[in-house]
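What follows is each chain in one-letter form.
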Amino acid sequence: MTDNSQNSGVSFGRGAETSAKGPIIPKSPTEALRPERVPAPPRRSRKARSQLVIFLNFLMTMTVVICVIAVAVFFYAMQTYQNPGPLATNTNFVVRTGAGLAEIAGSLERNGIIADARIFRHVTSTYLREGESLKAGEYEIKAGASMKEIMELLKSGKSILYSVSMPEGLTVKQMFKRLADDPVLEGELPADLPVEGSLRPDTYKYSRGTKRTEIVSQMAAAQAKLVDQIWEKRDPDLPLKTKEEFVTLASIVEKETGKDDERAHVASVFINRMAKGMRLQSDPTIVYGLFGGDGKPADRPIYQSDLKKETPYNTYVIKGLPPGPIANPGRAALEAVAHPWKTKDLYFVADGTGGHVFAATLEEHNANVKSWRKLEAERGEDPGAAVDATPESDPDAAAVKKKKTN
């Protein structure tokens, strides 16, 4: 038998490796159990050890971390901005004129309306377009309102509105007193009083922080516009040359009657008297001549002696219109003078019900006055109070009577 292992030259087992390198060296049991030496890892390249690469890796890591944090903060802020706020009950909140976003946000947080001023400030700034802002005023914030709802409310400018009413027939001084007494309006009134009759009686709405001068400007502009509109469409045959005369007569009509259905009738009486050259003989002109814009005290009647007191406004003494209005007339009085009724009436006197009785002749008027005096006596009113002075007679009727007599 041939020895194949010798013929093939191939060795098997542990000795195969050592046979190629040399003879097998016997090892002690301790050496045999000792771990063989592991080759050292390859050395890092010089490029991998570069400080720039290390720094760029750091920046990349930090960028990722910052982006994750930013996204988390963004979603937290937006959720907080839209979630219900901490306000437990409805409250009023005032944004002062000129307040910036930071000031508003801080005030909201201090008043317990929002939880975080920084979130409100920064998120709100992203909602506001160029030129938009949170508007000044006083706002009612609902309980539990979110920051977004508060932002939309303040941006809309829908603040709480107050009002001050100026009835027809008030003088400028009386209107100024109402403005001065209003507890919400701010600032001083103009030092110089506007011209009598130049302020429009109406109800004016305003928000907290509005200046008194702003209301005065509104009233003046509104009255000027109203007078221009009505004057432009007046009847062409009015014996009035200027808008000033127009407003003056309207102020007298305003003070003579508060009944809508009488104003045009009263205006016709004064128009008829002016056309005939008669004195207007209007009691309210006496009052204005005596007391001016302060008005007559409530407990002070007009006496017969007052009718003869010479003042620039006493139409029992002067002829024609007084030098200016005696009050601020409203639309109805202005319309009445611009379009008076077509009547022949020259006189009127109170009827005891808040209205008046009209007459075309002095005889009819005297009978009406007699009835009025009787009613006064029954009521126990002051007999010294004047209803009328000696009424001026119709010059045309006097001329006819004189002609008949001759």
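Residues numbered from 1 in each chain as written. Predicted model: local features only at pLDDT ≥ 70, side-chain atom pairs only at ≥ 80, totals over all residues. Heavy atoms only, no water.

Student: Just give me the short version of the nonpolar core, but keep the residues and values in it.
Tutor: Ranked by internal contacts, the top residues of the largest apolar core, which has 29 residues, are Leu240, Phe246, Leu249, Phe270, Leu334 and Val337. Where this core is concerned, the elements lending two or more residues are α9 (212–232), α10 (243–256), α11 (263–275) and α13 (331–338). In this structure Val337 touches Leu238, Leu240, Phe246, Leu249, Ala250, Val253 and Ala267, once residues within four positions along its chain are discounted. Counting residues in each nonpolar core, the second largest holds 25 residues, with Ala99, Tyr139, Ala145 and Ile150 among its members. (Core = buried A, V, L, I, M, F, W, Y, C linked by side-chain atoms within 4.5 Å. Buried < 20%, exposed > 50% of the residue type's maximum accessible area, 1.4 Å probe, protein only. Helix = DSSP H or I, 4+ residues; strand = E, 2+ residues; numbered from the N terminus. Contact = heavy atoms within 4.5 Å.)

Student: So, the pattern of salt bridges: which residues are in play, and what are the values?
Tutor: Under the definition given, this model contains 17 salt bridges. Residue Glu186 is joined to Lys211 by a salt bridge in which the shortest nitrogen-to-oxygen separation is 3.7 Å. Of this pair, Glu186 sits in the loop between α8 (172–181) and β4 (203–207) while Lys211 is found in the loop between β4 and α9, placing the two residues 25 residues apart along the sequence. Take Glu186: its relative accessible area is 33%, and that puts it in the partly exposed class. Given a relative accessible area of 36%, Lys211 falls into the partly exposed group. In this structure, Asp228 and Lys243 form a salt bridge, with 2.6 Å as the shortest nitrogen-oxygen distance. (Salt bridge = Lys/Arg side-chain N within 4 Å of Asp/Glu carboxyl O.)

Student: Explain unusual backbone geometry to me, using residue names and the numbers behind them.
Tutor: Of note in this structure, Gln281 is not a glycine but carries a positive phi near 50°. Residue position: Gln281 is located in the loop between α11 and α12 (283–291). You can call Gln281 buried: its relative accessible area is 14%.

Student: How would you explain α11 if you had to name every residue and give the values?
Tutor: If you check α11, its first and last C-alpha atoms are 18 Å apart, about what 13 residues at 1.5 Å a residue would give, namely 18 Å. The set of residues buried in α11 consists of Arg263, Ala264, His265, Val266, Ala267, Ser268, Val269, Phe270, Ile271, Asn272 and Arg273. For α11, the elements touching its buried residues are α10, α13, β5 (347–350) and β6 (356–359). Once α11 finishes, Gly277 follows within two positions and takes phi at roughly 75°, a positive value. (Expected span 1.5 Å × (residues − 1).)

So, to be careful, I would describe these as geometric facts and stop short of saying anything about function.
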